[in-house]
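# Summary of structural features
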There are 2 protein chains.
Amino acid sequence: MALPPDATLADVGEFGLIAALTDLFPQGEHVLIGPGDDAAVLRVRTGHVVVSTDLMVEGNHFRRDWASAEDVGHRAAAQNLSDINAMGGRATSLTVGLAAPADLPAAWALDFARGFADDAGAHRRALVGGDLTRAEQVVIAVTVIGTCTTAPVVRSGAEAGDVLALFGRQGWAAGGLAVLGRGFRSPRVLVEAYRRPEPPYDAGRVAAEAGATAMIDVSDGLLADAGHLAEGSAVSIDVRSDAFEIPEPLQAVGAALGADPMQFVLGGGDDHALLATFPDAASVPAGWQVIGAVVAPTEDGPAVTVDGASYDGPAGWTHF
Amino acid sequence: MALPPDATLADVGEFGLIAALTDLFPQGEHVLIGPGDDAAVLRVRTGHVVVSTDLMVEGNHFRRDWASAEDVGHRAAAQNLSDINAMGGRATSLTVGLAAPADLPAAWALDFARGFADDAGAHRRALVGGDLTRAEQVVIAVTVIGTCTTAPVVRSGAEAGDVLALFGRQGWAAGGLAVLGRGFRSPRVLVEAYRRPEPPYDAGRVAAEAGATAMIDVSDGLLADAGHLAEGSAVSIDVRSDAFEIPEPLQAVGAALGADPMQFVLGGGDDHALLATFPDAASVPAGWQVIGAVVAPTEDGPAVTVDGASYDGPAGWTHF
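Computed from a predicted structure; not experimentally measured.

Quick notes on the rules
Residues numbered from 1 in each chain as written. Chains lettered and ligands numbered in written order. Predicted model: local features only at pLDDT ≥ 70, side-chain atom pairs only at ≥ 80, totals over all residues. Heavy atoms only, no water. Contact = heavy atoms within 4.5 Å. Buried area = accessible area lost by both parts, 1.4 Å probe. Salt bridge = Lys/Arg side-chain N within 4 Å of Asp/Glu carboxyl O. Helix = DSSP H or I, 4+ residues; strand = E, 2+ residues; numbered from the N terminus. Phe/Tyr/Trp six-rings, centres within 6.5 Å; stacked < 30°, edge-to-face > 60°. Buried < 20%, exposed > 50% of the residue type's maximum accessible area, 1.4 Å probe, protein only. Lys NZ or Arg CZ within 6 Å of the ring centre and 35° of its normal. Expected span 1.5 Å × (residues − 1). Bend = angle between axes of the 7 residues up to and from the residue. Pairing = 2+ DSSP bridges. Axes fitted to C-alpha atoms, helices over the stretch in contact; angles between N-to-C directions.

### Some thoughts on the interface of chain B and chain A
Facing the 53 residues of chain B at the interface are 53 residues of chain A. Ranking the residues of chain B by area buried against chain A places Asp38, Val51 and Leu55 of chain B at the top, with a combined share of 17%. At the junction of chain B and chain A, the tally comes to 4 salt bridges. Note that Arg155 of chain B is salt-bridged to Asp37 of chain A, the shortest N-O span being 3.6 Å. Of all the secondary-structure elements, those providing two or more residues to the side of chain B that touches chain A are strand S1 (31-33), strand S2 (40-43), strand S3 (48-57), helix H2 (69-85), strand S4 (90-100), strand S5 (126-134), strand S6 (139-147) and strand S8 (214-217) of chain B.

Below, the structure written as structure tokens:
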């Protein structure tokens, strides 16, 4: 369905927009009943269903002047699919709720859906349901549903003696966000990493099959999420800074902003890399990089250290 | 966890509030992994999973001065559970995203969760995941997941010759809303019907087992939702107004507001009654009330009529 180029949501109406959106989302074989009824019905082959939900709020999780609608759609899909990845599962289906002002250009909603469909569809996930309503601010609610063929990998399984490993780019999106925050648009590769994260969707299942003891996706920040693993498992975690080679664009941003580029690596979250623990180095699958070790908790309980000491870098990682 | 009585969300923080909220939601046996990890994991006995999602926005779907936080929580659960009911399924699990201003009283969020837990828990549904974030306005995103043990009942199965039947109170919530809109608080039974709908959660499965050919929950309004059935099934539907006995409180509100109380019945949506079609009157289960018939579509396509004519009552039902 073609929409007039300047149409707003109010012009097009809920049902008009839904019709245009539905066209963008092909359904998979596992979808017995797709959008348009009271609920969708999915066929599930295994007996385990994995579910996660997330909100994205304009001004808080994204800015319309920093990212295109397609980028926001792409990111909304990616960050939710990443949660299933972090359980060792495979996402099959998504629902999306979009609350938006009546004067939002209908083209923004369509472009958002295109970005969402682009990311979800590339990995054969179906959009099986949604809701569209009016609000003062754009709020996006995504729920993702998947299946697990191995035991799900939770946050609580790490033990002292395990190795800590990372899969995927880390710190690139944080570097891109720092650049955008100063009004710049380059290095482009970092800005793109922020706008369109590419979580390593197959790495989670491979890690689960390889016997990962605990796993999480890096969404709050590497040290923060290592902290969630440490808390969940009642262990401490030591990250080795020499495990990271700072990529050239992050070095350039560090120099330009007068910041230690290691803070993007240790503090950044938006790349949705995977962080997991394995019983030993031999069980770490190809593509994963060993970046630290699981040790006994301190007297004060679980802690995360960098090179054996508490991390206290300039501008601190919590600032992202 | 006890919160200080005047605390706001900003005072309590995301993690503090999540801890307090999680305590409110017991997990069922089918929940292998509940809230707190990247995703929840559910055991599913049958191979069919039913999914629905909905948004509720402050000022649009509810007003904090018209309904208590507990009422809003109750309604958020009920309207979503009702969608699974309308497929003939049984809801087992819910996720909730809550976006709210930082100065929202933490007690509001807790009371909302109490109302939600109260409704969901009474029917043994588990809250398996959620998200909490900041926004200018309260936005609630609920996804509900269930299972089907019969073939799901969709909107597209009605055929000419079927009978149309209704289960549950109809028009009460619309009467309550009309009263609230004029600044009144009584008749209390109608206001309560609006604030705390009680969808007939078992009627959907019973109808599916009895061979219902199409089904929908009345959320947009009786005639509007009959229209969705008619469109979905490419049939017309005639509703018989003499099938309804106008209950006394609706008569009172009609008299007080100078409105035809039938408009609450034909136009009201918030009771979440079930509307279904059955092959004949003999197959309509106990408790369902026959209110009309499915007929061949008109030359202009599917239509909904009342007593054989297009409905055109004073103040029209679309005003709700």
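### Examining the packing of aromatic side chains
Residues and elements named next belong to chain A. What the rule picks out here adds up to 10 aromatic pairs over all chains. Ring geometry for Phe112 versus Phe116: centroids 6.0 Å apart, planes at 40°, classification tilted. Of the two residues, Phe112 and Phe116 are both situated in helix H3 (residues 106-122); the distance of 4 residues between them amounts to about one turn of the helix. What makes Phe112 buried here is its relative accessible area of 4%. By relative accessible area, which is 1% here, Phe116 ends up buried. Each residue in the set Phe62, Trp108, Phe112 and Phe116 is aromatic and connected to the rest through ring pairs, giving one cluster. Across from the ring centre of Trp108, 5.9 Å away, lies the NZ or CZ of Arg64, which sits over that ring.

### Quick notes on helix H1 (residues 9-22) of chain B
Residues and elements named next belong to chain B. Along its 14 residues, H1 runs just 15 Å from first to last C-alpha, ending more than 12% under the 20 Å computed at 1.5 Å per residue. Of all the bends in H1, the greatest, near 70°, is centred on Phe15. Taken residue by residue, H1 has Leu9, Val12, Gly16, Leu17, Ala20 and Leu21 as its buried positions. Residues of H1 that are buried in the fold lie against S4, helix H3 (106-122) and S5.

### What to know about the sheet that holds strand S6 (residues 139-147) of chain A
Spatially, S5(A)-S4(A)-S6(A)-S3(A)-S2(B)-S1(B) is the arrangement adopted by the 6 strands of the open sheet, whose pairing is mixed. Every other strand in the sheet has two partners, leaving strand S5 (126-134) of chain A together with S1 of chain B as the edge strands with one partner each. Along the sheet, successive strands turn relative to each other by an average axial angle of 20°, direction set aside. As paired elements, strand S4 (residues 90-100) of chain A and S6 of chain A share 9 bridges and run antiparallel to each other. In the strand pairing of S6 of chain A, Gly97 of chain A is matched with Ala141 of chain A.

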